[in-house]
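Summary of structural features
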Amino acid sequence: MPLKAAQLVTLIEGHAAVLRLWIRARCPSPDDVVQEAFCRLATLDRPPNNPVAWLYQVCRNLAENDRLSEARRRRRERD
């Protein structure tokens, strides 16, 4: 069963700002990364046991993917 809307709102209000600050050092688009993580959480059929830890892990992975993609794009443009 997916997260209820009230649970998602509570998580967003309690953790979105901190996640943005934390991820800002890892990628140039922290707002997009955090939003994507919350969207993925909202669409899960079964929420994780620890959604806060899950959000941090997903944000870290998305930021790393974003960083690598940006590096590849710069390399292609340079070449």
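Here is a short report on the structure shown in this document. (Residues numbered from 1 in each chain as written. Predicted model: local features only at pLDDT ≥ 70, side-chain atom pairs only at ≥ 80, totals over all residues. Heavy atoms only, no water.)

1. A closer look at the packing of helix α1 (residues 5-24) against helix α3 (residues 51-78)
Two elements in contact, α1 and α3, have axes separated by 11 Å at closest approach and are oriented at 35°. The hand of the α1/α3 crossing is right-handed. Residues Leu 11, His 15, Val 18, Leu 19, Trp 22 and Ile 23 of α1 touch α3, and the partners they reach there are Pro 51, Val 52, Leu 55, Tyr 56, Cys 59, Arg 60 and Ala 63. Looking at side-chain class alone, the contact of α1 with α3 contains 11 nonpolar, one polar and one charged residues. (Axes fitted to C-alpha atoms, helices over the stretch in contact; angles between N-to-C directions. Helix = DSSP H or I, 4+ residues; strand = E, 2+ residues; numbered from the N terminus. Left-handed = near helix turned anticlockwise from the far one by under 90°. Contact = heavy atoms within 4.5 Å. Nonpolar A, V, L, I, M, F, W, Y, C, P; charged D, E, K, R; others polar.)

2. A short note on the packing of helix α2 (residues 30-43) against α3
For the pair α2 and α3, interaxial distance at closest approach is 9 Å and the crossing angle is 130°. Comparing the axis directions of α2 and α3 gives the class oblique. Read as a crossing pair, α2 and α3 show a hand that is right-handed. Contacts between α2 and α3 involve Val 33, Val 34, Glu 36, Ala 37, Phe 38, Arg 40 and Leu 41 from the former and Pro 51, Trp 54, Leu 55, Val 58, Cys 59, Leu 62 and Ala 63 from the latter. (Parallel < 35°, antiparallel > 145°, perpendicular 65-115°, else oblique.)

3. Here's the deal with α2
Taking 1.5 Å per residue, 14 residues should reach 20 Å; α2 reaches 20 Å between its end C-alpha atoms and fits that length. Within α2 the residues assigned to the buried category are Pro 30, Val 33, Val 34, Ala 37, Phe 38 and Leu 41. For α2, the angular spread of the buried residues around the axis is 130°, confining them to a single face. Counted as exposed and oriented over 90 degrees from the buried face of α2: Asp 32, Gln 35 and Thr 43. Tucked inside the fold, the buried residues of α2 contact α1 and α3. (Expected span 1.5 Å × (residues − 1). Buried < 20%, exposed > 50% of the residue type's maximum accessible area, 1.4 Å probe, protein only. Arc of directions from axis to C-beta.)

These figures capture arrangement, not role.
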